[in-house]
Amino acid sequence: IIKLLNMEHFMKKIFFILIAFLALSVQAVETKFGIGYINSDLKVDLLPDISTGSLELSYLAGYDNGLAAEVGVAFGVVDDDFSAGADTVTVEAKTSYYLRGIYNFNDTFFVNATWLDTEIGAEWTGNNFAALEAKESDSDLGYGIGANIALPNSEAVIRISYNSFDFGAADLDQISIKYLF
């Protein structure tokens, strides 16, 4: 039953992304696909800083008034671990989904607001007990800034951005680099 509930939750997210994808495309002047890497730094009270990495896939729809919208998914590819006495805790980024509104000041600089739905997993292994696993998911509205670097003789763009999210007791800062084509 739990697997069915998780699958239903996953399907709702896919449906939401598909609807957003279609809605964003209707009036778009320019559209691009993107692939990139996100380095996420998670700061939680009483724990050391945790750094994970994700592969990011996105779809961007740009409009002629400086506004753009982007929908994407990120898959965790780099885990982090730390020691807690004789025990080891491994933290991994799971699949994340986001919807981003972007305002371009010019062709280079932009600000954005991002709704992020993310999941983090942890596995605690010790000498005297079997591994314990936990997952936590949450969504939040964050903000960010960035720069687009146009590639010569091409419509492609390299995007570098910083985003910040506040998940109550945890703060998440992300730096990403993405190739938009």
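Read on for an overview of the structure. On a predicted model such as this, the values are computed, not experimentally measured, just so you know.

Okay, the pattern of salt bridges next. Counted according to the given criterion, the structure contains eight salt bridges. With a shortest N-O distance of 2.4 Å, Glu-70 and Lys-178 are connected by a salt bridge. Here Glu-70 is found in strand β3 (residues 67-78), whereas its partner Lys-178 is found in strand β10 (residues 170-180), with 108 residues between them in sequence. Note on Glu-70: relative accessible area 0%, which makes it buried.

Bringing the packing of aromatic side chains into the picture now. Summed over all chains, the structure comprises five aromatic pairs. For the ring pair Phe-33 and Tyr-59, a centre distance of 5.3 Å and an interplane angle of 55° mean the geometry is tilted. You can see Phe-33 sitting in strand β1 (residues 30-44) and its partner Tyr-59 sitting in strand β2 (residues 50-62), a full 26 residues away along the chain. Tyr-59 gets classed as buried once you look at its relative accessible area, which sits at 8%. Clustering of aromatic rings is evident, with ring pairs tying together Phe-33, Tyr-59, Tyr-179 and Phe-181.

Take the pairing of β2 next. In terms of burial, β2 is a largely internal element, 10 of the 13 residues being buried. Both β1 and β2 contribute to a ladder of 13 bridges, which runs antiparallel. In the strand pairing of β2, Ile-35 is matched with Leu-57. Bridge count for β2 against β3 is 10 bridges, and the pairing is antiparallel. The residue of β3 that forms the bridge with Gly-53 is Val-78. Counting the residues that bridge the hairpin from β2 to β3 gives four residues, and of these Gly-66 lies at a positive phi of roughly 90°.

Looking now at the pairing of strand β6 (residues 96-104). Bridge count between β3 and β6: eight bridges; the pairing is antiparallel. Directly across from Ala-74, in β6, lies its bridge partner Ser-96. As defined by bridge partners, β6 adjoins strand β7 (residues 109-125) across eight bridges and the pair is classed as antiparallel. Across the sheet, residue Asn-104 finds its bridge partner in β7, namely Phe-110.

Right, let's get into unusual backbone geometry. At Leu-46, a residue that is not glycine, the phi angle is positive and equals roughly 70°. Tracing the chain through its elements places Leu-46 in the loop between β1 and β2. Located in the positive-phi region is Asn-153, a residue other than glycine, with phi close to 55°. For Asn-153, the location among the structural elements is in the loop between β8 (132-150) and β9 (157-167). Assessed through its relative accessible area of 85%, Asn-153 is described here as exposed.

Parameters and conventions
- Residues numbered from 1 in each chain as written.
- Predicted model: local features only at pLDDT ≥ 70, side-chain atom pairs only at ≥ 80, totals over all residues.
- Heavy atoms only, no water.
- Salt bridge = Lys/Arg side-chain N within 4 Å of Asp/Glu carboxyl O.
- Helix = DSSP H or I, 4+ residues; strand = E, 2+ residues; numbered from the N terminus.
- Buried < 20%, exposed > 50% of the residue type's maximum accessible area, 1.4 Å probe, protein only.
- Phe/Tyr/Trp six-rings, centres within 6.5 Å; stacked < 30°, edge-to-face > 60°.
- Pairing = 2+ DSSP bridges.

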